[in-house]
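Structural description and commentary
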Amino acid sequence: MTKDTPRLNAFPVFMRVEGEAVVIIGGGEEAAAKARLLGQSSARLRIVAAAPEPDLVAWVEANGAELVVEAFRPDHLEGAVLVFAATGDEAQDRAISEEARRRNIPVNAVDRPELCDFFTPALVNRAPLAIAIGTEGAGPVLAQIVRARIDRLLSPSLGALARLANSFRDSVEKVVPKGGERRRFWNEFFSGAPARAMEIGHISEARRAATELLARRSGSAAGHVALVGAGPGAEDLLTLRAQRMMMDADVIAYDALVPEAVVAMGRRDAERIAVGKRKGCHSKSQDEINDLLVSLGHAGKRVVRLKSGDPLVFGRAGEEMQALREAGISYEVVPGVTAAFAAAADFELPLTLRGVSSSMVFTTGHDLKGGTLPDWGKLAISGATVAIYMGRSVAADVASRLIEAGLSPDTAVAVVENASLSGRRRFHGTLADLPSLETRTDLTGPVMTIIGDAVAGANFERSEPLATHMQERARFADVEGTAA
Ligand code: SAH
């Protein structure tokens, strides 16, 4: 505050009124307005009016105040802690004000600042949290505007959160050392998991989160690992649960396929560990990742193991879960939108199609390299829709083996690079065109291939023909041939 800042002539305080008598004198709209305002408190309201208007009578009935239908007498102020003169009559308001002052009871006279010992604020009520806005009577409308703005800013759940905080106060004082540490606890309480749970009305979840926060602060927390699906890459395809887990995490260990923007949706001060695993550049082996998760768990950390798509689809989650089980560390799995679903959505491609395809295969195609056709090859031939993960480098094998086994070379194929992301590319063609995928150098993002008759039901308006590339290569070879 600088020397030039104007000083307040009315200083805001919060006055205890629980169970105390507050007297309002007047029977009209002004009195009713004060009654509504004071009715937000636990004071005992006594309303004195010789001729109360029906609205006021109705309010009194609905809110259980005391209504004294009499002309004002000084003894009506007996035992009051606050008095409101709201008769609408200046002489009478003045007489009430004088009587209150004679008894040393603070008084407010509606619209007569000179008769007021205090002013009533515009109120944002999130009991026990209250925000009182005052202008010393200078601008009640301004106060209302400010009130409305603040009201919009603050979650309706804040009061419940403050009450929850109250119920934790004793234990926090016992367990969390005073000073910085305790401040950090409350900071996290009011802005972290308990607040977020309360925001969506999950009171028991908020209590659980607060209990856990307390356990963590007291150093007795057990670690926990969540294997979380990050979806195909678009931030808004992350599930709400995934995001909540990321906001609660101490550590986020993420794969190379998870975009930075998705990782950034986690808690700001969570430790972030890139565990890599992109074809050709393994930054950590699977064993190292398993060990990392186990040691973080043992250290009592809340870990989010963030995997692209769904964690249980080609994510090596099986090995991680086994390592955690063996180490006795609690874990859970949060599903995500797998790449096949994102690619199908980008292509408006029905993965099952009535009368055409009623089953679907998730495969890598890498198992086609062996001598025998895997089971899914037979499924493809019998009409299943096949989604091929990590299939770019085996595209030619997949095509030739499936054709050999009897699938028509004309079977429809859809390919999506960077499904769900703004830079996605879509290609369509037939099984005979599929080998071209292997030789393309212009595709650097993850690629999903979907094969099957159901693919014919997709929307090809925004896709390029898969074969163009191959034809161009062929033409190029021809030209070269002629030149030679
Ligand atoms: N668990 C992941 C799959 C991991 S395997 C999931 O459920 O989606 C990695 C393969 O997934 C990539 O080689 C690619 O085939 C596919 N993939 C992942 N994200 C993709 C995306 N945005 N677009 C296309 N394919 C994707």
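Model, not experiment: these values are computed from the prediction. (Residues numbered from 1 in each chain as written. Predicted model: local features only at pLDDT ≥ 70, side-chain atom pairs only at ≥ 80, totals over all residues. Heavy atoms only, no water.)

Scanning the entire structure with this criterion turns up 11 aromatic pairs. Between Phe185 and Phe189, the ring centres sit 6.2 Å apart and the planes meet at 35°, which makes this aromatic pair tilted. With a gap of four residues between them, Phe185 and Phe189 both fall in helix H6 (residues 180-191), about one helical turn apart. With respect to class, Phe185 is no different from Phe189; both count as buried. Judged by centre distance (5.8 Å) and plane angle (25°), the rings of Trp186 and Phe190 are stacked. Placement of the pair is Trp186 and Phe190 together in helix H6, with a separation of four residues, close to one helical turn. Note on Phe190: relative accessible area 38%, which makes it partly exposed. In this structure an aromatic cluster arises from ring pairing among Phe168, Phe185, Trp186, Phe189 and Phe190. Arg169 extends its terminal NZ or CZ atom over the ring of Trp186, reaching a point 4.7 Å from the ring centre. (Phe/Tyr/Trp six-rings, centres within 6.5 Å; stacked < 30°, edge-to-face > 60°. Helix = DSSP H or I, 4+ residues; strand = E, 2+ residues; numbered from the N terminus. Buried < 20%, exposed > 50% of the residue type's maximum accessible area, 1.4 Å probe, protein only. Lys NZ or Arg CZ within 6 Å of the ring centre and 35° of its normal.)

What follows deals with the sheet that holds strand S18 (residues 464-465). The mixed open sheet is built from six strands, whose spatial order is S13-S14-S17-S15-S16-S18. Edge positions in the sheet fall to strand S13 (360-363) and S18, since each of these pairs with one other strand and no more. As paired elements, strand S16 (residues 425-430) and S18 share two bridges and run parallel to each other. Bridge pairing links His428 to Pro465 in S18. In the packing of helix H13 (residues 339-346) onto the sheet, contacts are made with S13, strand S14 (385-388), strand S15 (412-417), S16 and strand S17 (447-451), and the angle to S17 comes to roughly 75°. (Pairing = 2+ DSSP bridges. Contact = heavy atoms within 4.5 Å. Axes fitted to C-alpha atoms, helices over the stretch in contact; angles between N-to-C directions.)

Time to look at the pattern of salt bridges. Under the counting rule described, the total for this entry stands at 29 salt bridges. Overlapping salt bridges, with partners in common, bring together Glu205, Arg208, Glu212, Arg244 and Arg302 in one network. (Salt bridge = Lys/Arg side-chain N within 4 Å of Asp/Glu carboxyl O.)

Our next topic: the site of the ligand. Looking at the ligand, there are 17 residues lining it, with Asp310, Val313, Thr338, Ala419 and Val447 nearest. Between an oxygen atom of the ligand and a main-chain N or O atom of Ala339, the distance comes to 2.9 Å. Met390 is positioned such that a nitrogen or oxygen atom in its backbone is 2.8 Å from an oxygen atom of the ligand. Relative to its unbound accessible surface of 540 Å², the ligand loses 92% to contact with the protein. Here the residues of the shell around the ligand sort into 12 nonpolar, four polar and one charged. (Near = heavy atom within 4 Å. Polar contact = N/O pair within 3.5 Å; in protein donor to acceptor, adjacent residues only side chain to side chain. Areas by Shrake-Rupley, 256 points an atom, 1.4 Å probe, with all protein chains shown as cover. Nonpolar A, V, L, I, M, F, W, Y, C, P; charged D, E, K, R; others polar.)

A word on the domain arrangement of the protein chain. Along its sequence, the protein chain is carved into domain 1 (21-120), domain 2 (158-216), domain 3 (224-337) and domain 4 (341-473). A C-alpha centroid distance of 26 Å is found between domain 2 and domain 3. Roughly 530 Å² is buried in total at the junction of domain 2 and domain 3, and carbon and sulfur atoms are behind 38% of that figure. When the buried area of domain 2 at its contact with domain 3 is split by residue, Arg196, Glu212 and Arg216 rank highest and sum to 70% of it. Counting the contacts that link domain 2 with domain 3 gives four salt bridges. One salt bridge connects Arg302 with Glu212, and the closest N-O pair in it is separated by 2.6 Å. Where domain 2 touches domain 3, the interface holds two residue pairs in polar contact (both at pLDDT 80 or more). (Domains from an automatic or database assignment. Buried area = accessible area lost by both parts, 1.4 Å probe.)

A few words on unusual backbone geometry. The omega angle of the peptide bond from Ala127 to Pro128 is 5°, so this bond is cis rather than trans. Within the secondary structure, Pro128 sits in the loop between strand S6 (122-126) and strand S7 (129-133). The backbone phi angle of Asp111 is positive, close to 60°, even though this residue is not glycine. Relative to the helices and strands, Asp111 is located in the loop between strand S5 (107-109) and S6. Here Ser420, not a glycine, exhibits a phi torsion of approximately 75°, which is positive. Along the polypeptide, Ser420 turns up in the loop between S15 and S16.

One can describe the packing of helix H5 (residues 158-175) onto helix H8 (residues 203-217) by two numbers: an axis separation of 11 Å at closest approach and a directional angle of 15°. Between H5 and H8, the interaxial angle falls into the category roughly parallel. Seen along the crossing, H5 lies across H8 with a hand that is right-handed. Contacts between H5 and H8 involve Leu164, Ser167, Phe168, Ser171, Val172 and Val175 from the former and Ala206, Arg207, Ala210, Thr211 and Leu214 from the latter. Of the residues that constitute the contact of H5 with H8, the class distribution is seven nonpolar, three polar and one charged. (Parallel < 35°, antiparallel > 145°, perpendicular 65-115°, else oblique. Left-handed = near helix turned anticlockwise from the far one by under 90°.)

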